[in-house]
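What follows is the residue order along each chain.
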Amino acid sequence: MAYSYTAPLADMRFVIERVLEAPASWRACPSFAELDAETGAAVLAEAARFASEVLQPTNAPGDLEGCTLDAQGNVRTPAGYREAYRAFVEGGWPALPCDPAWGGQGLPLVLDAAMREMLSACNHGWNMYPDLLHGAYETIKAHGSEELKARYLGKVATGEWLAAMALTEPGAGSDLGALRTKAEPRADGSVAVSGHKIFISGADHDLSDNVVHLVLARLQAPGEEAPPGTRGLSLVLVPKWLPSSQGQGTRNAWVVEGIEQKMGIHGSATCAVRYEGATGWLVGEPHRGLAAMFLMMNSARLHVGLQGLGHQEMATQNALRYAFEREQFRGPIAGLPAMRHLLLRAQALTEGQRAIAYRAALAIDEAHHHADADRRALAASLAALLTPVVKAFCTHHGFHGAAAVQQVFGGYGYVHEFGIEQTVRDARIAMVYEGTNEIQAIDLLQRKVLADGGRALAVLLEECEAEAARTAAADPALAEFAAALREQVDSAGQTTAAITEAAKADAQAPLRAADDYLVGVAHLLLAWAWAASARSAKAMAASPFSEGKLQRMRYGLVHILPQAAVHWQRARACGLALPAVQLP
Ligand SMILES: Cc1cc2nc3c(=O)[nH]c(=O)nc-3n(C[C@H](O)[C@H](O)[C@H](O)COP(=O)(O)OP(=O)(O)OC[C@H]3O[C@@H](n4cnc5c(N)ncnc54)[C@H](O)[C@@H]3O)c2cc1C
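A.B. asks: Please clarify how the overall build of the protein chain should be interpreted in this entry.
C.D. replies: When helices and strands are tallied, the protein chain shows 18 helices and eleven strands. Computed over the C-alpha atoms, the radius of gyration of the protein chain is 24 Å, within 12% of the 25 Å expected from 2.2 N^0.38 for a compact globule of 584 residues. Expressed as lengths along the three principal axes of its C-alpha atoms, the size of the protein chain is roughly 70 × 65 × 60 Å. Buried residues in the protein chain amount to 54% of all 584 residues. Taking as baseline every contact in the protein chain between residues at least 6 positions apart, the subset at least 24 positions apart corresponds to 76%.

A.B. asks: What should I look at first to understand the site of the ligand in this one?
C.D. replies: The environment of the ligand is made up of 18 residues, and the closest members are Leu-167, Gly-173, Ser-174, Ser-201 and Thr-436. Secondary-structure elements contributing two or more residues to the shell around the ligand are strand 3 (162-166), strand 5 (191-201) and helix 13 (437-450). Across the shell around the ligand, the residue classes break down as ten nonpolar, six polar and two charged. Both domains that furnish three or more residues to the shell around the ligand are identified here as domain 1 (162-287) and domain 2 (437-575).

A.B. asks: What's the story with the nonpolar core in this structure? I'm lost.
C.D. replies: Nonpolar side chains in soluble globular proteins tend to be buried together. Formed by 190 residues in total, the largest nonpolar core has its most connected members in Val-156, Val-236 and Leu-518. Of all the elements, helix 16 (residues 509-538) adds the most residues to this core, at 19 residues. The two domains that each donate at least three residues to this core are domain 1 (162-287) and domain 2 (437-575).

A.B. asks: What am I meant to see in the domain arrangement of the protein chain here?
C.D. replies: A common way to report how large an interface is uses the accessible area buried once the components associate. Here the protein chain is described as being made up of domain 1 (162-287) and domain 2 (437-575). A straight line from the C-alpha centre of domain 1 to that of domain 2 covers 40 Å.

A.B. asks: Would you mind showing me how to read the packing of helix 1 (residues 9-19) against helix 10 (residues 337-369) here?
C.D. replies: Angle between the axes and distance between the axes are the two parameters that describe a pair of packed helices. In the contact formed by helix 1 and helix 10, the axes pass within 10 Å of each other and the chain directions differ by 50°. Considering their axes alone, helix 1 and helix 10 lie oblique with respect to each other. The handedness of the crossing between helix 1 and helix 10 is right-handed. In this structure, helix 1 contributes Asp-11, Val-15, Ile-16 and Val-19 to the contact, and helix 10 contributes Glu-351, Arg-354, Ala-355 and Tyr-358. Class assignment for the residues of the contact of helix 1 with helix 10 results in five nonpolar, no polar and three charged.

A.B. asks: How should the pairing of strand 9 (residues 270-282) be read in this particular structure?
C.D. replies: Each regular strand displays side chains that alternate between the two surfaces of the sheet. Examined bridge by bridge, strand 5 and strand 9 share nine bridges and lie antiparallel to one another. Each bridged residue has a counterpart across the sheet, and for Ser-194 the counterpart in strand 9 is Glu-276. Both strand 7 (residues 233-239) and strand 9 contribute to a ladder of two bridges, which runs antiparallel. Looking across to strand 9, one finds that Leu-237 is bridged to Trp-281. As paired strands, strand 8 (residues 254-259) and strand 9 are joined by five bridges and run antiparallel to one another. Residue pairing for strand 9: Val-256 is matched across the bridge by Val-273.

A.B. asks: What am I meant to see in the environment of Arg-27 here?
C.D. replies: Position of Arg-27 relative to the elements: it lies in helix 2 (residues 22-27). Overall, Arg-27 belongs to the partly exposed group, with 14 C-beta atoms counted inside 10 Å.

A.B. asks: Would you take a moment to explain helix 7 (residues 133-143) for this structure?
C.D. replies: An α-helical turn contains 3.6 residues, so any two residues separated by three or four positions project in the same direction. Burial analysis of helix 7 places nine of its eleven residues in the buried class, which makes it a mostly covered element. All of the buried residues along helix 7 are Leu-133, His-134, Gly-135, Ala-136, Tyr-137, Glu-138, Thr-139, Ile-140 and His-143.

A.B. asks: Please explain the packing of helix 11 (residues 373-406) against helix 14 (residues 455-474) as it appears in this structure.
C.D. replies: One can describe the packing of helix 11 onto helix 14 by two numbers: an axis separation of 9 Å at closest approach and a directional angle of 95°. For the element pair helix 11 / helix 14, the angle class is roughly perpendicular. Residues Leu-378, Ser-381, Leu-382, Ala-384 and Leu-385 of helix 11 form the contact with helix 14, whose own contacting residues are Arg-455, Ala-456, Leu-457, Val-459 and Leu-460. When the residues that make up the contact of helix 11 with helix 14 are grouped by side-chain class, the tally is eight nonpolar, one polar and one charged.

A.B. asks: For this particular structure, what's the right way to read helix 17 (residues 544-560)?
C.D. replies: Its 17 residues place the ends of helix 17 23 Å apart at the C-alpha level, agreeing with the 24 Å of an ideal helix rising 1.5 Å per residue. Those residues of helix 17 lying buried are Lys-549, Leu-550, Arg-552, Met-553, Gly-556 and Leu-557. Buried residues belonging to helix 17 abut helix 10, helix 15 (479-505) and helix 16.

A.B. asks: Would you explain the environment of Leu-445 in this entry?
C.D. replies: Inspection of the secondary structure puts Leu-445 in helix 13. Apart from the residues lying within four places of it in its own chain, the contact partners of Leu-445 are Leu-450, Pro-510, Ala-513, Ala-514 and Tyr-517.

The rules behind these values
- Counting restarts for each chain, with residues numbered from 1 along the sequence as it is written.
- Confidence filtering applies because this is a predicted model: local features only for residues at pLDDT of at least 70, side-chain atom pairs given and counted only at 80 or more, and all residues used for totals across whole chains, interfaces and linings.
- Strands are runs of DSSP state E lasting at least 2 residues, helices are runs of H or I lasting at least 4, and numbering of each runs from the N terminus.
- The globule rule is 2.2 Å times the number of residues to the power 0.38, and the radius of gyration it is compared with is taken over C-alpha atoms.
- The burial criterion counts other C-beta atoms lying within 10 Å of a residue's C-beta, which is placed from the backbone; the residue is buried at 20 or more, exposed at 12 or fewer, and partly exposed between these limits.
- Contact between residues is assigned whenever the C-beta positions, reconstructed from backbone atoms, fall within 7 Å.
- The criterion for a residue being near a molecule or strand is a backbone-placed C-beta atom within 6 Å of that molecule or strand.
- Under the scheme applied here, ten amino acids are nonpolar (Ala, Val, Leu, Ile, Met, Phe, Trp, Tyr, Cys and Pro), four are charged (Asp, Glu, Lys and Arg), and all others, including Gly, are polar.
- In this entry, domain limits derive from an automatic or database-based domain assignment.
- Buried Ala, Val, Leu, Ile, Met, Phe, Trp, Tyr and Cys residues form a nonpolar core when they are connected through C-beta atoms within 7 Å.
- Axes here refer to lines fitted to C-alpha atoms; in helices the fit is confined to the stretch in contact. Angles between the N-to-C directions go from 0 to 180 degrees.
- Should an angle lie under 35 degrees it is considered roughly parallel, over 145 roughly antiparallel, and from 65 to 115 roughly perpendicular; all remaining angles are considered oblique.
- Should the near helix be turned anticlockwise from the far one by less than a right angle, the crossing is termed left-handed; should it be turned clockwise, right-handed.
- Here the rule is simple: two strands pair whenever DSSP picks up at least two bridges between them.
- The span expected for a helix works out to 1.5 Å for each residue beyond the first.

Written out as structure tokens, the structure reads:
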């Protein structure tokens, strides 16, 4: 059986059009007012063709070949990557959600999200290169000077030039306040960047003529010290090629010192970079680099969550096909209860997470484009709350979910040519980069819930209560979905109150609760997604799609949702001291 990809277009449309009712939201956003469901569906169908016909064939060969550093210090990507990227740019795909004023197509992020899911499913390593574009575009658009925008924004938006995000250093991973790369001001308004960055995805490659780095550095005049910690960080745009009125210009003073050998995404060059007084320009205010970078990171975090979703879809649909082909004990293994549990669990989780991830994208769309200012503000707080959950929960299941259905393949799942082992390896990194999943959990609980006084959470809980009421009113047969959702709303409220109380006595208490709290909120969102999906499926004419959807959503309710109680309970136990870990 060939490992292959068929975009789940029917489910994507179901989520976008029926569960989220995105076309109604587009009509309320002046920028999307002309867009209808059919046009959106046509865009997705074309993206699906690119993903499975152009991109997916480069996935396994690119994994085996990997990237290389040539004698001149230039990074070479695997065979076929350049051609796929050229087709991607010619199709206008990089600029899908960007402003038409900068060469973009001005389409909603929710359509872009569906495309990102497809690209990650088909070739995560390749997708690493264009995946950072949108965040770089947003950051330069919001914080760049007019000169920087004129020089870089259009080229980044259209994908003519790719971008990289350079934060990590050997001594500074999660703790960015420890980073040491320096940016020294020059008389002409530029800065000279010196330092050593590691693990920089796509710092160099052969897909675009220029690569634009957004580097986090300490701005300090010679002999002076930048403020300590994250307060001293500034964001600097450092291109590979410096501008020249006559064309490409001169090579900037940074070098790729090496490419990491790693577990997965071999087609993505993970580079160690040395900046040797490289020329750059500040993006945003001096010492406010982290705030500017957060804009890029939030969009990047949604994209990383979509990587996890793509991996789950890829693994699940191939496991399903395999389960129907593989016969043991005189019948397809798809009939065995143990395999049915694995597959139904994977389907219910993947479909639930699709609704959650696209909900976050829709919230970002509404936060930027809705005609009503109050609605924009509500959507912005919801987007901020959902982003860390999407990043952490979808990437957790991107890896663990793919590994779970790897079991369906038996021994063949461990063999390269069956494909799923690559998905499992590729999926693992998404739990780590763009802020580890532990950092996401702290972001959710400390910044998005406690620091905000629970306001954003209240918006989410209200939306869930409204869905419970709608589901209950739609059909008596759906009462169990409404009840389960209300139960999750209660658990979220009670647990948040308990943590708030515990934090008054011990500031460490939320840190002990954070990971379980995030998983609890993710289950609240699953309960919302399954209820809304069941209601939407029930409203359709009976068909194999709607019947299957109802069965899978009910499976989630009965077989998956009960585990939420363990996470809520553990989060509420955050007042108890944790023993120290000890070396043996
Ligand atoms: C393939 C790959 C691609 C990457 N791409 C990029 C890139 O393009 N640009 C870039 O700048 N970086 C990139 N990174 C770096 C990545 O973002 C970091 O690895 C990540 O931020 C974690 O930093 P660290 O590896 O130093 O781990 P550490 O920060 O040392 O963390 C180790 C463990 O401790 C936990 N931990 C640390 N602090 C806390 C805390 N306060 N609370 C709870 N737990 C904590 C972490 O969650 C983790 O489990 C990439 C890494 C890889 C492997």
